[in-house]
Amino acid sequence: SQQGEEDPQALSIQEGENATMNCSYKTSINNLQWYRQNSGRGLVHLILIRSNEREKHSGRLRVTLDTSKKSSSLLITASRAADTASYFCATRGGSGGSNYKLTFGKGTLLTVNP
Amino acid sequence: DTEVTQTPKHLVMGMTNKKSLKCEQHMGHRAMYWYKQKAKKPPELMFVYSYEKLSINESVPSRFSPECPNSSLLNLHLHALQPEDSALYLCASSLLGLAGGLYEQYFGPGTRLTVT
């Protein structure tokens, strides 16, 4: 079963605007990761946030994590047409064999219009 | 070198064919993964190898047979596939730590498989 659920499923914005995507998950995690996938290509790791962290930044990306609400958000500031892609959150399990298993949410398709 | 390579990029095969997908990384990662991704869906884990041993099989049908001949290579052998197996097959690798699973995964570009 899928661990993460992204919201919204699709988002269309103009270049220069900010884009916010949300992810909810169901069970305990030790970290949460965000990935980007351009159409028909492999996934690219964007950022990893550990369960004891609340916020993390990387360039134009800002990720928050609220473990009490089992949710995370990804903010892309000053979006560019090249940011057009699908964005997935992914979580790992707590211990044992599940640590090696990365479960992806359904993804948000972001379209940035020039 | 932070690249995961996959060959071939595209593969069309009949239901009676036998083919193999190949994946290679030279980052020293000791965990390697196969995922299957259908259009407009997230990747679904199929297999995980850690230290060249199969550690997770997500109840994948036996017509998919993984192999990890060494720490840099990962194969997926395909036999008697069905049209519904048509998908993008992604390989990934990651570090393994004492705590396991704390590291990001590096993905290859995928093999687009069509079963006719």
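Look up: the structure comes first, before these words.
Residues numbered from 1 in each chain as written. Chains lettered and ligands numbered in written order. Predicted model: local features only at pLDDT ≥ 70, side-chain atom pairs only at ≥ 80, totals over all residues. Heavy atoms only, no water.

A.B. asks: Sorry, what's going on with the interface of chain A and chain B here?
C.D. replies: Where the parts come together, the accessible area they lose is often given as the size of the interface. The interface of chain A with chain B comprises 23 residues on the first partner and 27 residues on the second. For the pair chain A and chain B, the two sides together bury roughly 1900 Å², of which 56% comes from carbon and sulfur. Across the contact surface, chain A and chain B share 0 salt bridges. At the boundary of chain A with chain B, the tally comes to 2 residue pairs in polar contact (both at pLDDT 80 or more). Secondary-structure elements contributing two or more residues to the side of chain A that touches chain B are strand E4 (31-37), strand E5 (43-50), strand E9 (85-92) and strand E10 (102-104) of chain A. When grouped by side-chain class, the residues that make up the side of chain A that touches chain B number 7 nonpolar, 11 polar and 5 charged. (Contact = heavy atoms within 4.5 Å. Buried area = accessible area lost by both parts, 1.4 Å probe. Salt bridge = Lys/Arg side-chain N within 4 Å of Asp/Glu carboxyl O. Polar contact = N/O pair within 3.5 Å; in protein donor to acceptor, adjacent residues only side chain to side chain. Helix = DSSP H or I, 4+ residues; strand = E, 2+ residues; numbered from the N terminus. Nonpolar A, V, L, I, M, F, W, Y, C, P; charged D, E, K, R; others polar.)

A.B. asks: Is there a simple way to think about the pairing of strand E8 (residues 73-79) of chain B in this case?
C.D. replies: The two faces of the sheet receive side chains in turn, since in a regular strand these alternate between them. All names here are of chain B. Sheet analysis places strand E3 (residues 18-25) next to E8, joined by 7 bridges and oriented antiparallel. Note on E8: the bridge partner recorded for Lys-18 is His-79. Note: strand E7 (residues 64-70) against E8, 5 bridges, orientation antiparallel. For Pro-66, the partnering residue across the bridge sits in E8 and is Leu-76. In sequence, E7 turns back onto E8 through a hairpin of 2 residues. (Pairing = 2+ DSSP bridges.)

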